[in-house]
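Architecture and fold: a report
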Amino acid sequence: MAALGLVTFLSDFGWSGGYVAACEAAVMRVSRDLRVAHIDHTVPAGDVAAGALVLARVAPLYPEAVHLAVVDPGVGTSRRPLAVAATRGDFLVGPDNGLLLSAAEALGGVRTVWELDVTALRSSAGLPPEDVSSTFHGRDVFSPAAALLATGADPGALGRPVEIPSLCRLPSASARSSELGVAAAVIEVDRFGNAGLGLKFADLPGRDAYGAAFVVEAGDGDALTRRARVVRTYGDLTVGELGLVCDSWGHVALTLNGASAAEFLGLKPGVTVRLTLVKEDVDGR
Amino acid sequence: MAALGLVTFLSDFGWSGGYVAACEAAVMRVSRDLRVAHIDHTVPAGDVAAGALVLARVAPLYPEAVHLAVVDPGVGTSRRPLAVAATRGDFLVGPDNGLLLSAAEALGGVRTVWELDVTALRSSAGLPPEDVSSTFHGRDVFSPAAALLATGADPGALGRPVEIPSLCRLPSASARSSELGVAAAVIEVDRFGNAGLGLKFADLPGRDAYGAAFVVEAGDGDALTRRARVVRTYGDLTVGELGLVCDSWGHVALTLNGASAAEFLGLKPGVTVRLTLVKEDVDGR
Amino acid sequence: MAALGLVTFLSDFGWSGGYVAACEAAVMRVSRDLRVAHIDHTVPAGDVAAGALVLARVAPLYPEAVHLAVVDPGVGTSRRPLAVAATRGDFLVGPDNGLLLSAAEALGGVRTVWELDVTALRSSAGLPPEDVSSTFHGRDVFSPAAALLATGADPGALGRPVEIPSLCRLPSASARSSELGVAAAVIEVDRFGNAGLGLKFADLPGRDAYGAAFVVEAGDGDALTRRARVVRTYGDLTVGELGLVCDSWGHVALTLNGASAAEFLGLKPGVTVRLTLVKEDVDGR
């Protein structure tokens, strides 16, 4: 098998304390020639869905690689350590908790899955097979496995195949639509305060989204109500104006020119936002 | 053109959410052999002047490279995407909003500037020419352009030359001096609470700066007033003593041994500090 | 001397302002072929002991390398700049303030130490010998020295040998034990709120640690008192239950399933925790 040579890495370890570095070191112990590219290590602690979202967005942008992903609240329990071969030619390595599957789909789909055999892979990596912590499989299991795959190792020698339907999957956060409106959850707040929704821009109601306006209801009960115009980019809004844009990942995002839309509306991941089309505005501008 | 092989990268994207990684991935999609070095991704959101300052300080320390810089509040509007050739042999790639020019001057000056042609460069990079977001030109425009230049591509094939005087420039934050005093703005607060001023250490009043003392007035109105001694390094101050040092970039910085000078004096970027020489102290120590 | 080719890097510079990048650039100026791996740059400002702890844990996980470490509150004073050769074949470069020695011991022990000669090493690196700041030896002294060593330079040409007993050492934070109990200081709080103690798991009292329970007293005076069960991993605790685990570095850590043990108990580095064995629980589970 050709060596991919590249390991991308996502985790919830944060940049402090050397946890990310310990994994990068474990990769380099397998081969000094491997390259490690960091996707994100600030995933909220234990938030598998948040990690899966970023992984699925970014992994396909790289050339073929081994994608190492560790958001693993079940570390040391019986949850299975996995290697997944995706159709595009990439591998994904991480725990069987749903973290890897959206990314695998974004890479063309799951082709084969192996449950990693810790003893076998550590032996292959020249590590003491039994010297495995209960709390840091990122360093002790997943990183050596990813490194071996990136050097072209046969995944069949690192574990045994498992049935795809047996894999743990995350519930999907689908939007609920009607002709004039749609309700979707916030899935991301970026550094600029833009609130990305679990709603593809193409699924926004209205014949021609640009120029349309929506009433925005955020949160429950006596919800804050605002009107937002659909624009192409932040700079198309007047200062202080609320807008809806197609964000960097093809989703609808709420944005506020010159300030944080998320702070203004009290949004954070998981909060439901309802958008109702104000029809007259479609032609009115 | 020889391949520089190295892309440095500065942005205001923050380390969360995979935005930095998406750009790094876009570089590696052009060529797996390119190396990406991260200058800073924690520039305050949209603060072009802060990004320009860090870029101008750090870019010249690298060997010749392509310096990719994205602090771009006008993304998706008509502001021009640029590639700048600097006299030392480096390229700079980013928006035409003043971000690149101080660094270009620190690299020997601007030699040639091109307005990037998005369709042409995406075709050269093997990307769908029309598939460009309105909100993430870092990934869709600037990263592929920087990568192509780093592989030795002809910049003339990626855009058309523009007149240097037409470039957007930032206002310069110059200090105002008299014989005994000087007023300058805080341009940086570092992690240790040192407050760097927009004033070169060589321009500090007094025949021989070391040993001199200044009265420090910070902020407006009933300003807090303190006395500071000019010393060579932090350790030359007694604990709790306020000092002025030549900082790591040749500028005057206010420092407090054992604590944050910025917090003590209520300083942040943009605040004006007045320094008045206390003459007798020049010979008095 | 064979070229190690790899420089690892730990500091308290933080990721903002380009300070880490300035050092990485200085390494690459010596040779574009060198690789820099970042261990941690979020060490609390000036906290030499915290930096030493992370360095000693992570440096040995890499293949042989030059380990550049800069937590240097005495920068610009007379503290000596050092290069340390460790028995495993690694070098460590940094200030003589205790930062390097635990890591050197973890790498098999100190073999030889040199006090760096700033003029000599800067000349070797092709840098102006006199152009050294008083505040940023990371960029001006330590990075070029580390880079030269990583290219295979003779350390004897960069400085003069110093006696090992003359090196500055940190006080050791040893645990105090009796048959049934032990007192140890918190040495780390990780991102998940686990509080690592300065106590090896193997030194926990009791014949067989797993299944035992301890009374936990944290802080001074009217200390908060809690009971904690010794388990293999986080997932073995019920939600909200306090536990003791063998952490990723072989130390005892206090953990709380689903929340931050450190926040719950008011723990931070330096706080003393007393653990008293509750004997009956050893056989009771």
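These figures come from a predicted structure and were not determined experimentally.

Here is what the cut-offs are and how they apply
- Residues numbered from 1 in each chain as written.
- Chains lettered and ligands numbered in written order.
- Predicted model: local features only at pLDDT ≥ 70, side-chain atom pairs only at ≥ 80, totals over all residues.
- Heavy atoms only, no water.
- Buried < 20%, exposed > 50% of the residue type's maximum accessible area, 1.4 Å probe, protein only.
- Helix = DSSP H or I, 4+ residues; strand = E, 2+ residues; numbered from the N terminus.
- Contact = heavy atoms within 4.5 Å.
- Salt bridge = Lys/Arg side-chain N within 4 Å of Asp/Glu carboxyl O.
- Polar contact = N/O pair within 3.5 Å; in protein donor to acceptor, adjacent residues only side chain to side chain.
- Nonpolar A, V, L, I, M, F, W, Y, C, P; charged D, E, K, R; others polar.
- Least-squares fit on C-alpha atoms with pLDDT ≥ 70 in both.
- Pairing = 2+ DSSP bridges.
- Axes fitted to C-alpha atoms, helices over the stretch in contact; angles between N-to-C directions.
- Core = buried A, V, L, I, M, F, W, Y, C linked by side-chain atoms within 4.5 Å.
- Phe/Tyr/Trp six-rings, centres within 6.5 Å; stacked < 30°, edge-to-face > 60°.
- Lys NZ or Arg CZ within 6 Å of the ring centre and 35° of its normal.

Thoughts on helix α2 (residues 48-58) of chain C
Across the eleven residues of α2(C), eight count as buried, placing the element largely inside the fold. Within α2(C) the residues assigned to the buried category are Val48(C), Gly51(C), Ala52(C), Val54(C), Leu55(C), Ala56(C), Arg57(C) and Val58(C).

A short note on the interface of chain A and chain C
Counting residues at the interface gives 33 residues for chain A and 31 residues for chain C. The interface formed by chain A and chain C includes zero salt bridges. Inspection of the region where chain A meets chain C yields 19 residue pairs in polar contact (both at pLDDT 80 or more). The set of elements that each furnish at least two residues to the side of chain A that touches chain C consists of α1 (19-30) and β2 (35-40) of chain A. Sorting elements by how many residues they give to the side of chain A that touches chain C places α1(A) first, with eight residues. For the side of chain A that touches chain C, the class distribution of residues is 15 nonpolar, eleven polar and seven charged.

Observations concerning the relation of the copies chain A and chain B
Of the transformation superimposing chain A on chain B, the axial component is 0.0 Å and the angular component is 120°, with the fit at an RMSD of 0.0 Å. Taken together, the rotation angle and the small translation identify this as a three-fold axis.

Examining the sheet that holds strand β5 (residues 91-95) of chain B
Strand pairing in a sheet relies on backbone hydrogen bonds. The paired strands run either parallel or antiparallel. All names here are of chain B. Taken in spatial order, the seven strands of this open sheet run β2-β1-β3-β5-β4-β6-β7, and their pairing is mixed. With one partner strand each, in any of the chains shown, β2 (35-40) and β7 (159-161) form the two edges of the open sheet. The average undirected angle you get between the axes of adjacent strands in this sheet is 25°. Bridge analysis of strand β4 (residues 81-86) against β5 gives five bridges, and the strand direction is antiparallel.

Digging into the sheet that holds strand β5 (residues 91-95) of chain A
Residue and element names in this part refer to chain A. Spatially, the seven strands line up as an open sheet ordered β2-β1-β3-β5-β4-β6-β7, and their pairing is mixed. Since the sheet does not close on itself, it has two edges, and those belong to β2 and β7 (159-161), each with one partner. Put simply, the sheet's adjacent strands are angled 25° from each other on average, direction ignored. Direction of pairing for strand β6 (residues 110-116) relative to β7: antiparallel, over a ladder of three bridges. Bridged to Glu115 within β7 is Arg160. Helix α5 (residues 137-150) rests against β1 (6-11), β3 (66-70), β4 (81-86), β5 and β6 of the sheet, and its axis sits at about 170° to β3.

Remarks on the relation of the copies chain A and chain C
Of the transformation placing chain A onto chain C, the axial shift is 0.0 Å and the rotation is 120°, giving an RMSD of 0.0 Å. Little of the interface of chain A is mirrored in chain C, where only 9% of its interface residues are also at the interface.

Let's talk about the environment of Arg169(A)
All names here are of chain A. Within the fold, Arg169 resides in the loop between β7 and β8 (176-177). Judged by relative accessible area, which is 47%, Arg169 ranks as partly exposed. Along the backbone, Arg169 and Leu99 are 70 residues apart, and their C-alpha atoms lie at a distance of 8.0 Å. Once residues lying within four places of it in the same chain are set aside, the contact partners of Arg169 are Gly98, Leu101, Glu105 and Ile164. Among the polar contacts listed, one links the side chain of Arg169 to the side chain of Glu105, at a separation of 3.4 Å.

Structural notes on the nonpolar core
Soluble globular proteins tend to bury their nonpolar side chains together. One finds Val93(A), Val93(B) and Val93(C) to be the most contacted residues of the largest nonpolar core, which totals 201 residues. Beyond its immediate stretch of four places on either side in the chain, Val93(B) contacts Val66(B), His67(B), Leu68(B), Ala69(B), Leu82(B), Ala83(B), Leu100(B), Leu116(B), Phe142(B), Ala145(B), Ala146(B) and Leu149(B).

What about the side chain of Arg57(B)?
With respect to the element layout, Arg57(B) can be found in helix α2 (residues 48-58). Every residue in contact with Arg57(B), bar those within four places of it in the chain, is listed here: Ile187(B), Glu188(B), Asp247(B), Trp249(B), His251(B) and Tyr19(C).

Description of the pattern of salt bridges
The tally for this structure, following the rule as stated, stands at 24 salt bridges over all chains. When the shortest N-O distance is used, the salt bridge between Arg79(A) and Asp72(A) registers 2.7 Å. By the burial criterion, Arg79(A) is buried, and Asp72(A) matches it. Across the pair Glu115(C) and Arg160(C) runs a salt bridge whose closest N-O atoms are separated by 3.9 Å. Taken as a pair, Glu115(C) in strand β6 (residues 110-116) and Arg160(C) in strand β7 (residues 159-161) lie far apart in primary sequence, 45 residues in all. Classification of Glu115(C) by relative accessible area gives buried; the value is 17%. Judged by relative accessible area, Arg160(C) falls into the partly exposed class, the value being 46%.

A word on the packing of aromatic side chains
Counted according to the given criterion, the structure contains 24 aromatic pairs over all chains. Both rings, one in Phe91(A) and one in Trp114(A), keep their centres 6.4 Å apart while their planes meet at 45°; by these two values the pair is tilted. One end of the pair, Phe91(A), is in strand β5; the other, Trp114(A), is in strand β6, and 23 residues separate them in sequence. For the pair formed by Phe91(A) and Trp114(A), the shared burial category is buried. Clustering of aromatic rings is evident, with ring pairs tying together Phe9(A), Phe13(A), Tyr19(A), Phe136(A) and Trp249(C). We note Arg232(C) situated over the ring of Tyr210(C); from NZ or CZ to the ring centre the distance is 3.8 Å.

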